[in-house]
Amino acid sequence: MSRIIFILVLLVVGFLLLKSWQRKQSLGEQHKKTTGKMTNNTRMVRCLQCGLHVPEHEAISQGGKHFCSLEHAKLHLTKN
């Protein structure tokens with residue numbers, strides 16, 4: 001009888017360890033997807049107002065000039 005209980009306890013512990021490992025793996029996959037890592041071909045451009053480098057797809061572009069925000073684009077245009 002004690003052998004059966006021992007085997008059942010081992011099976012339950014093994015099952016819990018397996019589930020824990022699977023959960024960590026899935027969280028790691030989700031973290032990789034949500035960290036927003038840039039690919040190697042992401043071009044960075046410099047804001048003419050403050051000098052901050054931002055990915056080109058996030059930059060505000062006006063007349064070939066790049067800005068980090070709409071506010072900086074407006075400030076630069078009012079200065080010139």
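Residues numbered from 1 in each chain as written. Predicted model: local features only at pLDDT ≥ 70, side-chain atom pairs only at ≥ 80, totals over all residues. Heavy atoms only, no water.

### Concerning the overall build of the protein
Along the backbone of the protein there are two helices and four strands. Across the protein, contacts joining residues at least 24 apart in sequence account for 10% of those joining residues at least 6 apart. (Helix = DSSP H or I, 4+ residues; strand = E, 2+ residues; numbered from the N terminus. Contact = heavy atoms within 4.5 Å.)

### A look at the confidence of the model for the protein
Per-residue pLDDT for the protein averages 86, and the proportion of residues at 70 or more is 85%. Model confidence for the protein, summarised as mean pLDDT per element, is weakest for helix H1 (residues 2–34) at 86 and strongest for strand E1 (residues 44–46) at 94. (pLDDT = per-residue confidence, 0-100.)

### Quick word on helix H2 (residues 70–79)
Within H2, the full set of buried residues consists of His-72, Ala-73 and His-76. Projection of H2 onto a plane perpendicular to its axis shows the buried side chains occupying an angular sector of 105 degrees, all on one side. Turned more than 90 degrees away from the buried face of H2, the exposed residues are Glu-71, Lys-74 and Thr-78. For H2, the secondary structure elements touched by its buried residues are strand E3 (60–62) and strand E4 (65–67). (Buried < 20%, exposed > 50% of the residue type's maximum accessible area, 1.4 Å probe, protein only. Arc of directions from axis to C-beta.)

### Overview of the side chain of His-76
Along the chain, His-76 falls in helix H2. Given the relative accessible area of 12%, His-76 is considered buried. Leaving out residues up to four positions away in the same chain, His-76 has contacts with Leu-48, Gln-49, Lys-65 and Phe-67.

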